[in-house]
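What follows is each chain in one-letter form.
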2 protein chains.
Amino acid sequence: MELKELIERYQTAINQVYRRVNLILKDKIHSDITTDQFSTLHYIIKNAKCTSTDVANEFGIGKSAVTAQINRLVDKELIERERDEEDRRVVYLHVTEKGVNFVNYTEKALYEVLGDYLKNFEKDEIYTFIQSLEKLAKIMNDE
Amino acid sequence: MELKELIERYQTAINQVYRRVNLILKDKIHSDITTDQFSTLHYIIKNAKCTSTDVANEFGIGKSAVTAQINRLVDKELIERERDEEDRRVVYLHVTEKGVNFVNYTEKALYEVLGDYLKNFEKDEIYTFIQSLEKLAKIMNDE
DNA sequence: ATTAAATAGTTCACCTTGTGAACTATATTA
DNA sequence: TAATATAGTTCACAAGGTGAACTATTTAAT
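What you see is a predicted model; the values in this text were computed from it and never measured. As a convention, each chain's residues are numbered from 1 in the sequence order in which they are written. Numbering of ligands from 1 and lettering of chains from A proceed in the order in which they are written. In view of the model being predicted, local features appear only for residues whose pLDDT reaches at least 70, and side-chain atom pairs are presented and counted only at 80 or more, with totals across whole chains, interfaces and linings using the full set of residues. Here the side-chain values reflect all heavy atoms present in the structure, with hydrogen atoms and water set aside.

1. Examining the overall build of chain A
Consideration 1: What counts as a helix is a DSSP run of H or I of at least four residues, what counts as a strand is a run of E of at least two, and both are numbered from the N terminus. Each helix and strand in chain A was counted, giving six helices and three strands.
Consideration 2: For chain A, the N- to C-terminal ordering of α and β elements is α-α-β-α-α-β-β-α-α.
Consideration 3: Taken along its principal axes, the extent of the C-alpha atoms in chain A is 60 × 35 × 25 Å.
Consideration 4: Exposure classes here rest on a 1.4 Å probe applied to the protein chains alone. A residue is buried below 20% of its type maximum, exposed above 50%, and partly exposed in between. Buried positions account for 41% of the 143 residues belonging to chain A.
Consideration 5: The contact rule is simple, with two residues in contact once any of their heavy atoms fall within 4.5 Å. Taking the contacts inside chain A whose residues are at least 6 apart along the sequence as the reference set, 51% of them involve residues at least 24 apart.
Consideration 6: In short, Shrake-Rupley with a 1.4 Å probe defines the accessible areas, and a residue's cover is counted only from the protein chains shown. Total accessible area computed for chain A in this model is approximately 8,300 Å², and 47% of it derives from carbon and sulfur atoms.
Consideration 7: Here the positive residues are Lys and Arg and the negative ones are Asp and Glu; neither His nor the chain ends is included. Where a charge lies is defined by one atom per residue type: Lys uses NZ, Arg uses CZ, Asp uses CG and Glu uses CD. Averaging the positions of the 21 positive and the 26 negative side-chain charges in chain A gives two centres separated by 3 Å.

2. Details of helix H5 (residues 97-118) of chain B
Consideration 1: Expected span of a helix, by definition, is 1.5 Å for each gap between consecutive residues, and there is one gap fewer than residues. Taking 1.5 Å per residue as the helical rise, H5 of chain B with its 22 residues ought to reach 32 Å, and the 31 Å between its terminal C-alpha atoms agrees with that figure.
Consideration 2: Along H5 of chain B, the positions that sit buried rather than exposed are Gly99, Phe102, Val103, Thr106, Glu107, Ala109, Leu110, Tyr111, Leu114, Gly115 and Tyr117 of chain B.

3. Digging into the side chain of Glu8 of chain B
Consideration 1: Within the fold, Glu8 of chain B resides in helix H1 (residues 3-28).
Consideration 2: On the accessibility criterion, Glu8 of chain B (16% relative accessible area) is buried.
Consideration 3: Contacts of Glu8 of chain B, omitting those with residues within four sequence positions, involve His42, Lys46, Glu107 and Tyr111 of chain A.

4. Structural notes on the interface of chain B and chain A
Consideration 1: Chain B puts 48 residues into the contact, and the matching count from chain A is 47 residues.
Consideration 2: Summed over both partners, the accessible surface that disappears when two parts come together, traced with a 1.4 Å probe, is what is meant by buried area. With both chains or domains summed, chain B and chain A bury close to 5,500 Å², and 66% of this area falls on carbon and sulfur atoms.
Consideration 3: One speaks of a salt bridge when a side-chain nitrogen belonging to Lys or Arg is within 4 Å of a carboxyl oxygen belonging to Asp or Glu. Counting every contact that joins chain B to chain A gives eight salt bridges.
Consideration 4: In this structure, the salt-bridge partner of Glu107 of chain A is Lys4 of chain B, at a minimum N-O distance of 3.5 Å.
Consideration 5: Think of a polar contact as two N or O atoms within 3.5 Å of one another; within protein, one of them needs to be a possible hydrogen donor and the other a possible acceptor, and neighboring residues in sequence only count if both atoms come from side chains. Linking chain B with chain A are 14 residue pairs in polar contact (both at pLDDT 80 or more), by the criterion used here.
Consideration 6: The set of elements that each furnish at least two residues to the side of chain B that touches chain A consists of H1, helix H2 (35-46), helix H3 (52-59), H5 and helix H6 (123-141) of chain B.
Consideration 7: With 17 residues, the top contributor of residues to the side of chain B that touches chain A is H1 of chain B.

5. Brief notes about the pairing of strand S3 (residues 91-95) of chain A
Each regular strand displays side chains that alternate between the two surfaces of the sheet.
Residue and element names in this part refer to chain A.
Consideration 1: Strand direction decides the pairing type here: strand S1 (residues 50-51) and S3, joined by two bridges, are antiparallel. Among the inter-strand pairings, Thr51 is bridged to a residue of S3, identified as Tyr92.
Consideration 2: Following DSSP output, two strands are said to pair if at least two bridges run between them. Looking at chain direction, strand S2 (residues 79-83) and S3 are connected through five bridges and run antiparallel. The partner of Arg83 across the bridge, within S3, is Val91.

6. Quick word on the sheet that holds strand S3 (residues 91-95) of chain B
Residue and element names in this part refer to chain B.
Consideration 1: Within the open sheet, the three strands sit side by side as S1-S3-S2. Their pairing is antiparallel. In this open sheet, the two edge strands, each paired with only one partner strand, are strand S1 (50-51) and strand S2 (79-83).
Consideration 2: Only the stretch in contact is used when fitting a helix axis, every axis being a line fitted to C-alpha atoms; angles between N-to-C directions are given from 0 to 180 degrees. Across the face of the sheet, H2 comes into contact with S1, S2 and S3 while running at roughly 105° to S3.

7. Concerning the pattern of salt bridges
Consideration 1: Inspection of the entire model under this criterion finds 18 salt bridges over all chains.
Consideration 2: Close ionic contact of Lys98 of chain A with Glu77 of chain A constitutes a salt bridge, the shortest N to O distance being 3.8 Å. Of this pair, Lys98 of chain A sits in helix H5 (residues 97-118) while Glu77 of chain A is found in the loop between helix H4 (63-75) and S2, placing the two residues 21 residues apart along the sequence.
Consideration 3: Between Glu125 of chain A and Lys135 of chain B there is a salt bridge, and its shortest N-O distance comes to 3.3 Å. Taken together, the positions of Glu125 of chain A in helix H6 (residues 123-141) and Lys135 of chain B in helix H6 put the pair across two chains.
Consideration 4: Its relative accessible area of 23% is what places Glu125 of chain A among the partly exposed residues.
Consideration 5: The exposure class of Lys135 of chain B is partly exposed, given its relative accessible area of 30%.

8. Side note on unusual backbone geometry
All names here are of chain A.
Consideration 1: Even without glycine at this site, Lys49 takes up a positive phi of about 60°.
Consideration 2: With respect to the secondary-structure elements, Lys49 resides in the loop between helix H2 (35-46) and S1.
Consideration 3: Look at Glu77: it is not a glycine, yet its phi comes out positive at around 60°.

9. A few points about the protein's contact with DNA strand D
Consideration 1: Whether a residue is near a molecule or strand depends on its heavy atoms: it is near if one of them lies within 4 Å of it. DNA strand D sits among 23 residues. The nearest are Thr53 and Thr67 of chain A together with Thr34, Gly62 and Ser64 of chain B.
Consideration 2: The protein-proximal atoms of DNA strand D, defined as those within 4 Å of the protein, are 66% sugar or phosphate.
Consideration 3: Here a phosphate oxygen of DNA strand D and a side-chain polar atom of Thr67 of chain A are 2.8 Å apart.
Consideration 4: Elements with a contribution of two residues or more to the surface near DNA strand D: helix H3 (52-59) and H4 of chain A together with H2 and helix H4 (63-75) of chain B.

And the structure:
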């Protein structure tokens, strides 16, 4: 099989999966938040006391984009900013209790749907798949 | 292993791959076009004489969003609109010669980079991976 | 045959997300 | 102490998305 064909099949399939997960998320997040905002919240919960710069690096976007995003989340009282007393340039981000509850709730709903899909797979198939995916991500990140 | 952990690993890895492919595309497309516009062009080439509604369905977005995108591509002379003479509500889309050349050129550059990454994988590993991915996409699409 | 309903696409007002340059404030180093 | 680096914000601007209202056309119903 041709490399080109493999890549096109990959692109088509990955786009469909990506879009579908997004639609499920959108469906499960009945509240007033976008999937991007959800991802940001999720990252900040998993990486407590991170900074804007961390978020910018994680998502590969500029710091000004992060400022705007954090502003929207602060407006919704899902995130709080806290300035470092040692180095007063630094601003730490943390998710409020409201934010944590919200993410937990949404995550649970999302995982139920995804879990349903995964019933169609053998355990081994899932492991192998994720291992390949992680290998690819690692290779790409290491440049 | 927990379902939750599997899904989180999947999400992290898939996001990294998605972002990296986007960065490569952005890098290879030195011209004045976005990755979204590239995806649209690519789809229209692969699906000759498709309509706005087709594009909207493929990408899971509204028709008004497609109109705006097609307008941008028409402005750049990469796409042309053609009204059906039978059913005058319908507008067919096709990519101009300029557009086709542009996509071919960019695709080639992209595939070279991706091909390099794939050298780290056994052929079997790639097939298995893509088959699992396509299976997942199919299950999700069939609802 | 005429009216009602469906379909394809566009326009509009509005929101989110991104960029990059210029800026403020603080820390580091030469 | 002066120059430079770093963290984050602000601003003007563009792409891309939504959903409702609209035009134009075709199809279905009475």
